[in-house]
Amino acid sequence: MVKFSKQFEGQLVPEWKEAFVDYWQLKKDLKKIHLLNNNGSTNNVNNRNKESSFSCTFYTSLRKFPLFGPQRRKHGVIQVHTKLGQTLSKGDLYETELLEHFADTEAAAEFFALLDLQLNKVNQFFRTKEKEFVERGESLKKQMEILIQLKAALIKQQHDKGTSSGQNTKEDESISGTISCDEESNKDRTEQEQDIENSIDQVILDSPRLSELGNSTNIKREDNKSKSSSERVINCQGKSLKIHIPLTNPTRTFSAITYLLRDDMINQSSKKCGPDGRKKLHINRTKLKHAEKMIRGAFIELYKGLGYLKTYRNLNMLAFVKILKKFDKVTNKQVLPIYLRVVESSYFNSSDKALKLADDVEEIFIKHFAEDDKKMAMKYLKPTQKKESHAVTFFIGLFAGCFLALLVGYVIMAHITGLYRPKSDTIYMETVYPVLSMFSLMFLHFFLYGCNIFMWRKTRVNYSFIFELAQTKELKYRDVFLICTTSMTAVVGVLFLHLTLVAKGYSYNQIQAIPALLLLVFISLLVCPFNIIYKSSRYRFICAIRNIMFSPLYKVVMLDFFMADQLCSQVPMLRNLEYVACYYITGSYKNQDYGYCMRTKYYRDLAYAVSFLPYYWRAMQCARRWFDEGHKSHLVNLGKYVSAMLAAGAKVAYEKEKNMGWLCLVIVMSSVATVYQLYWDFVKDWGLLQCHSKNPWLRNELMLRRKFIYYISMGLNLVLRLAWLQTVLHYNFGTVDYRITGLFLAALEVIRRGHWNFYRLENEHLNNAGKFRAVKTVPLPFQEVDEQD
């Protein structure tokens, strides 16, 4: 049977761990009481055996009298007092008074003081979170009412347009208003077009159910002088509404630019207005769909939060019951019934606001987002985790064995033919080996990601929430391992077949296309539109790469800059991909002219770009985050990637020129970049090297119990960061070809990045836990605008 402490730790919400009952500390206090009771009973036997039995008999008899016995026991062993908190938000506070003598009254008093502290903490946290969720629920209900009104009015307007036959029909004012076409509409709006963070439509609602949003229909455009001048706020005489759709991807950004330009062209001249100088303003149907999607996501996140709150209530209640039972067992007192009545009547257990709100959310979601199908609604509100199949484990082992067997055969064949020696077959090493190197680095990185997922799950790091992954579609670590073993089995198998054909005497003209076909197959699988082979994960990967390439144009999320960091460690893989693409696209494979690309100026310039691009994208993400958030730390982080760009450029130039001047520049730039990166790794990304921490040179909160692992990790990261010294030392492993050495060093960088990933997410998780963030805060589309805005 699993101990309750492990069950409790396994079921609690990781980000709210500090807000739960400190069950482990209460157990430690109970152990102290238990040890004191045992020592006290032994001392009583040794020290009080000389006392008169008359005193014991007299005390026992005295307790039988009503004056001392029943009246004292009427209140029980303890009495819990209730007092008002200093503020209304804290509610009632509880304080326990001991009415009977304990073996060690001081230890018991400390136990109940801690127990009262935990009860007050749970009540306060529950009250705060409940208030937050209830306010969010009320806002969502209003948003839902607005959405229903707008959809109904839009349908009515379309119906009127279809039946009017060119006649002027009276349109519903709930979705259209009037705007003044005066000189202000022709003013220069450069300030508004510079920042396109949000795309906003203005709507006037005159529905009786939503009268609080204003009844005025006379509105005019004004330049927004505030910081968010790009929002194109339309002021009105009363109150108005704007549709706020965040630009979370490049598609929305470009559509927003197009919408702004089109809107400016329409309103450029006042001649296009009506005879009264006014123009009808309509809802954009696409934005209304986006608004509906945002509201649906907000309801899902709210329901998830309410589920966490229910788990919080149940687990804490069970923890109080368990610890009180243990106390009764240790002290032989009857404390459980007395204190449990207080716990049951406390706010966190008696309040039903969250339960009612959860029922309301279910009802609204079923009615408006699931077409009255409860089963369909529960797929969104309570997604079930897919069961882990034993077949996945079987195929992981099968393909892992096949991969090892093929790899051993490939190495033996390569050793026999002498391909990896310095004076080996140059054509093979220049054409086929880059393909093997590219796939090896990519799937090594992917394998380390699977190891990270395993460790994140083991240490309760909520990586799904941090990356905003769908729980039903995210890759589990076994899925990642299956993809890696299957893919590398196919890669090594094809290359082993190719090497066998080379050894048998086949000409390169006949078999040169095999590596290219292998690459095309993997690219085809990546962009395959059919729902096979983890389509949702492939699509999300492609979207992440697209978002990285358009980094400055929209808000950067955690997954995007995490993926951009991975690309910074895969520059050798990108260089190999560039070479292989050039070799086959230009047709050089037909005559084995592997030096053609190296002689081409465009290729050499592209090599600089490939070395720069990952760091450039990451620097642009830092610039965008500074622009959005205003934190100077993002500018400091941008400097780190600029230094890495300079070091990478110096290295590429040195590989080309091979003179002392470029070598000195490589040493200087790489040294500066390494120191910069080490500081950022340890202090910012890992949150370590805190001299005032309770853990020497670590942070206060650690996910791993063994502290020495952090010190070893810092030393390992330092060593792996110095891999660039190979550029200066030119050390080779015996007679091994220099390309093998380059692959080994590139693999070390990939390993360092995989090692970095765990601590990066650990620090991010602790930041979320410090702010008790367990669910996403989805922005709401409809925002009320006052006349003063």
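Use the structure listed above.
Residues numbered from 1 in each chain as written. Predicted model: local features only at pLDDT ≥ 70, side-chain atom pairs only at ≥ 80, totals over all residues. Heavy atoms only, no water.

A. View of the side chain of Gln-677. If you trace the backbone, Gln-677 turns up in helix H26 (residues 660-685). Other than its neighbours up to four places away in sequence, Gln-677 contacts Lys-640, Ala-644 and Arg-721. (Helix = DSSP H or I, 4+ residues; strand = E, 2+ residues; numbered from the N terminus. Contact = heavy atoms within 4.5 Å.)

B. Geometry of the environment of Leu-404. Within the secondary structure, Leu-404 sits in helix H13 (residues 390-417). Counting along the chain gives 85 residues from Leu-404 to Thr-489, while the straight-line C-alpha distance between them is 8.2 Å.

C. Molecular detail of the pattern of salt bridges. Under the criterion given, the structure shown has 19 salt bridges. The residue Glu-430 makes a salt bridge to Arg-739 at a minimum N-O spacing of 2.5 Å. Linking Glu-430 in helix H14 (residues 426-431) with Arg-739 in helix H29 (residues 738-770), this pair joins segments that are 309 residues apart in sequence. Residue class for Arg-739 comes out buried when judged on its relative accessible area of 15%. Residue Arg-760 is joined to Glu-764 by a salt bridge in which the shortest nitrogen-to-oxygen separation is 3.3 Å. Separated by 4 residues within a single helix, Arg-760 and Glu-764 lie in helix H29, roughly one turn from each other. You'll find Arg-760 and Glu-764 in the same group, each marked buried. Each of Asp-681, Arg-721, Glu-749 and Arg-752 takes part in one network of salt bridges that share partners. (Salt bridge = Lys/Arg side-chain N within 4 Å of Asp/Glu carboxyl O. Buried < 20%, exposed > 50% of the residue type's maximum accessible area, 1.4 Å probe, protein only.)

D. Spatial organisation of unusual backbone geometry. A positive phi angle, close to 60°, is found at Arg-460, a residue other than glycine. Summarising the element assignment, Arg-460 is placed in the loop between helix H15 (433-458) and helix H16 (463-467).

E. Representation of helix H1 (residues 4-11) in the model. Of the positions making up H1, those classed as buried are Phe-4, Ser-5 and Phe-8. Take H1 and look down its axis: the buried residues cluster within an arc of 100°, on one side only. (Arc of directions from axis to C-beta.)

F. A look at the packing of aromatic side chains. For the coordinates displayed, the defined rule picks out 42 aromatic pairs. Look at Phe-112 and Phe-327: their rings are 5.0 Å apart centre to centre, the planes differ by 70°, and that puts the pair in the edge-to-face class. Taken together, the residues Phe-112 in helix H5 (residues 105-164) and Phe-327 in helix H8 (residues 285-331) connect sequence positions 215 residues apart. Each of the two residues, Phe-112 as well as Phe-327, counts as buried. Here a set of aromatic residues connected by ring pairs shows up, and it is made of Phe-4, Phe-8, Trp-16, Phe-20, Tyr-23, Trp-24, Phe-125, Tyr-308, Tyr-312 and Phe-772. (Phe/Tyr/Trp six-rings, centres within 6.5 Å; stacked < 30°, edge-to-face > 60°.)

G. Broad picture of the packing of helix H27 (residues 708-721) against H29. Running from N to C, H27 and H29 point in directions that differ by 145°, and their axes come no closer than 10 Å. Crossing hand, H27 versus H29: left-handed. Along the contact surface, H27 presents Ile-709, Tyr-710, Ser-713, Leu-716, Asn-717, Leu-720 and Arg-721, while H29 presents Leu-748, Arg-752, His-755, Tyr-759 and Glu-762. Here the contact of H27 with H29 is composed, by residue class, of 6 nonpolar, 3 polar and 3 charged. (Axes fitted to C-alpha atoms, helices over the stretch in contact; angles between N-to-C directions. Left-handed = near helix turned anticlockwise from the far one by under 90°. Nonpolar A, V, L, I, M, F, W, Y, C, P; charged D, E, K, R; others polar.)

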